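Letter by letter, the chains look like this.
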Amino acid sequence: MKSSKTILAHSMLPVLLPALLSTLLFSANAQAQMYKWVGPDGKVTYSDQPPPGKIKVEKKSYSEGPDLGNLPPELAVVVAKNPVILYSTNNCSPCNDSRNFLKTNGVPFNEKTVSNNADLDKLKQVSGDTQLPFMLIAKVRFPGFNTEEWRKALDSAGYPATSKLPKDYRYPAAEPAAPVVATADKDADVAKKPAAPLPPQRPTQDNGIRF
């Protein structure tokens, strides 16, 4: 026979779960803002803190995790606690395989694409390397696609073994790895120049990306 404490705990789950989810969502969104600026020496800096001094910079709010709106509560809690971000590039077979793997396993994720030098700098800052694909679960890094390693990591993060996604779920569109914002120096606004695109992707190290 279940104790009164056990019965009470189960009866309170519908009340406690939304409150827990709300707390996790607030924590996940608290850091959903990135600053980018170019210093007098031309160095590009990314940070979740505003730049020092009077450097003018635009801030971009963005989600570090997928939209939780129509996810089942149990899955939404996992996504809010351990969001998954996939870094990829064009003409990359391992990137396609990793994307299909996450979707087949019903893992909500945000995708960041690497297509120019600014994106590549961001990838290096986040991963410490240039290998693609690259998966980030919360703050844990997984360079290169490995089915067994990624499945084990997702299991440890609390993602279900089979898809729990609603039939109408739509993955968010991929975004550039580097936030697109206006830059300026300390004395005057500097017109933003488009980031130099990377040369056509090949399975070599010509552009610094490793597969």
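Caption draft 1: How the structure looks around the overall build of the protein. Looking only at helices and strands, the protein features five helices and eight strands. Along the protein, helices and strands appear, N-terminal first, in the series α-β-β-β-α-β-α-β-α-β-β-α-β. The buried share of the protein, taken over its 211 residues, is 39%. Of the contacts made within the protein by residues no fewer than 6 positions apart, 66% connect residues no fewer than 24 positions apart.

Caption draft 2: View of the pairing of strand E6 (residues 134-137). Of the two faces of E6, both are covered, the one formed by Phe134 and Leu136 as well as the one formed by Met135 and Ile137. As paired strands, strand E4 (residues 84-88) and E6 are joined by four bridges and run antiparallel to one another. Bridge pairing in E6 links isoleucine 85 to leucine 136. Sheet analysis places E6 next to strand E7 (residues 140-143), joined by four bridges and oriented antiparallel. Its bridge partner lying in E7, leucine 136 is registered against arginine 141. Between E6 and E7, which pair antiparallel one after the other, the connecting turn spans two residues, and alanine 138 there sits at a positive phi close to 60 degrees.

Caption draft 3: Just the confidence of the model for the protein, in detail. Per-residue confidence for the protein averages 75 on the pLDDT scale, and 56% of its residues sit at or above 70. Of the regions scoring below 50 in pLDDT, residues 4-33 engages in 21 contacts with residues more than four places distant in sequence or in other chains. Considering only residues more than four positions removed or in separate chains, one finds that residues 58-63, a stretch of pLDDT under 50, has 20 contacts.

Caption draft 4: Quick look at the pattern of salt bridges. Under the defined criterion, the tally for this structure stands at three salt bridges. Between glutamate 111 and arginine 99 there is a salt bridge, with the nearest N and O atoms lying 2.8 Å from each other. Remark: arginine 99 occurs in helix H3 (residues 93-104) and glutamate 111 occurs in strand E5 (residues 110-113); sequence separation between them is twelve residues.

Caption draft 5: Layout of the sheet that holds E7. As summarised here, the arrangement of the five strands in space is E7-E6-E4-E5-E8, forming an open sheet in which the pairing is mixed. Each of the sheet's edge strands pairs with one partner strand only, and the pair in question is E7 and strand E8 (175-176). In the packing of H3 onto the sheet, contacts are made with E4, E5 and E6, and the angle to E4 comes to roughly 160 degrees. Sitting on the sheet, helix H4 (residues 117-127) is in contact with E4, E5, E6, E7 and E8, with an inclination near 50 degrees to E6.

Caption draft 6: Representation of unusual backbone geometry in the model. Put simply, leucine 132 and proline 133 share a cis peptide bond, and its omega is 0 degrees. With respect to the secondary-structure elements, proline 133 resides in the loop between H4 and E6. Unusually for a residue other than glycine, asparagine 91 sits at a positive phi of about 55 degrees. Residue asparagine 91 is classed as exposed on the basis of its relative accessible area, which comes to 67%.

Caption draft 7: Spotlight on the packing of aromatic side chains. Within the structure shown, the criterion is met by six aromatic pairs. Between phenylalanine 145 and tryptophan 150 the ring centres are 5.0 Å apart and the planes differ by 80 degrees, which places this aromatic pair in the edge-to-face class. Relative accessible area serves as the criterion here: at 26%, phenylalanine 145 is assigned to the partly exposed category. By the ring-pair criterion, three or more aromatic residues cluster together here, those being Phe101, Phe145 and Trp150.

Caption draft 8: Representation of the packing of H3 against helix H5 (residues 147-157) in the model. Between H3 and H5, the least distance of the axes is 12 Å, while the angle of their chain directions is 35 degrees. Here the hand of the crossing between H3 and H5 comes out right-handed. Taking contact as the criterion, the partners of Ser98, Phe101 and Leu102 in H3 are, on H5, Thr147, Trp150, Arg151 and Leu154. Here the contact of H3 with H5 is built from residues that sort into four nonpolar, two polar and one charged.

Caption draft 9: Main features of H3. Over its twelve residues, H3 extends 16 Å from the first C-alpha to the last, a length consistent with the 16 Å expected when each residue adds 1.5 Å. Turning to H3, its buried residues are Cys95, Ser98, Arg99, Phe101 and Leu102. The arc that holds every buried residue of H3, seen down its axis, measures 160 degrees, which confines them to one face. Seen from the open side of H3, the exposed residues pointing more than 90 degrees away from its buried face are Ser93 and Thr104. On the buried face of H3, the contacting elements are E4, E5, E6 and H5. Backbone geometry just after H3 places glycine 106 at a positive phi near 70 degrees.

Scoring rules and cut-offs
Residues numbered from 1 in each chain as written. Predicted model: local features only at pLDDT ≥ 70, side-chain atom pairs only at ≥ 80, totals over all residues. Heavy atoms only, no water. Helix = DSSP H or I, 4+ residues; strand = E, 2+ residues; numbered from the N terminus. Buried < 20%, exposed > 50% of the residue type's maximum accessible area, 1.4 Å probe, protein only. Contact = heavy atoms within 4.5 Å. Pairing = 2+ DSSP bridges. pLDDT = per-residue confidence, 0-100. Salt bridge = Lys/Arg side-chain N within 4 Å of Asp/Glu carboxyl O. Axes fitted to C-alpha atoms, helices over the stretch in contact; angles between N-to-C directions. Phe/Tyr/Trp six-rings, centres within 6.5 Å; stacked < 30°, edge-to-face > 60°. Left-handed = near helix turned anticlockwise from the far one by under 90°. Nonpolar A, V, L, I, M, F, W, Y, C, P; charged D, E, K, R; others polar. Expected span 1.5 Å × (residues − 1). Arc of directions from axis to C-beta.

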